[in-house]
Structure formats: C-alpha cells, structure tokens
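A look at the structure
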Amino acid sequence: IEHTIQWAKDWFNGNFTKRPANCDQFLKTDGEFVEALDPIQKIRILRDVLDCFTPVGSTEDKVGGAFAATFDDCIAWARLQFQ
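In this report, the structure presented in the accompanying data block is examined. (Residues numbered from 1 in each chain as written. Predicted model: local features only at pLDDT ≥ 70, side-chain atom pairs only at ≥ 80, totals over all residues. Heavy atoms only, no water.)

1. Focus: the pattern of salt bridges
Note the cut-off: Salt-bridge detection follows one rule: a side-chain nitrogen of Lys or Arg within 4 Å of a carboxyl oxygen of Asp or Glu. Numbered from the N terminus, helices here are DSSP runs of H or I no shorter than four residues, and strands are runs of E no shorter than two. The cut-offs for exposure are 20% and 50% of the maximum accessible area for each residue type, with area from a 1.4 Å probe on protein chains only; residues under the lower value are buried, those over the upper are exposed, and the others partly exposed.
The tally for this structure, following the rule as stated, stands at two salt bridges. Residue Asp24 is joined to Lys28 by a salt bridge in which the shortest nitrogen-to-oxygen separation is 3.1 Å. In this pair, Asp24 and Lys28 are both assigned in helix H1 (residues 2-28), four residues apart and thus about one turn of the helix distant. With relative accessibility at 36%, the residue Asp24 sits in the partly exposed group. Where Glu35 meets Lys42, a salt bridge forms, and the shortest distance between an N and an O atom there is 3.9 Å. Residue class for Glu35 comes out exposed when judged on its relative accessible area of 58%.

2. Describing the packing of aromatic side chains
The test is simple: Working definition: a ring pair exists when centres of Phe, Tyr or Trp rings (six-membered ring for Trp) sit within 6.5 Å. Plane angles under 30 degrees give stacked, over 60 give edge-to-face, the rest tilted.
For the coordinates displayed, the defined rule picks out two aromatic pairs. Seen in terms of ring centroids, Phe12 and Phe16 are 4.8 Å apart; in terms of plane orientation they differ by 35 degrees. Their pairing is tilted. Highlighted residues: Phe12 and Phe16, both in helix H1, separated by four residues, approximately one helical turn. You can call Phe12 partly exposed: its relative accessible area is 46%. Put simply, the rings of Trp11, Phe12 and Phe16 touch in pairs and so form one group of aromatic residues.

Following this line, the structure appears as structure tokens:
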C-alpha cells in the first residue's frame, strides 16, 4: 500500500504543483527558460504548458469545452482529472 500512496503523492505533485509552476514560469519568461533545458526536459515542460491551455471539459480529440475563466472552472477541471 505504501507504493500506492507514494504514486498518488507523485501524481498529485506533478499535476497540481509542478505543471502549473512550469506553465507560470513559461508565461513569466515568455518561454525563454525552456531554451536552457536539454531536449527531453524541453518536451516535458512544453507538454505541461500545453496541458495548462487545454480547454476544460474537452475530449481526447480536443472537441468541445471552454477555457477556465473562473475559479469554479478550475475546480471543475480538477474534479474531471479524477474521473
């Protein structure tokens, strides 16, 4: 059970701490901080940034949904991450 708890902590940290922090850093530096990274890290960071701008409620083919405009939209997005 300990490995399951660790997995959940890692998943939560990645999705609700690191990913938003990467997106914030990308926006603050106009993407310049990515240039200093190695190619693998670049891809991971850019995927994180792209995920931050994926419409809330969109399907895998990116049809439907709308971008989060309010706190309630953010809560809806977070809830959908667990379904």
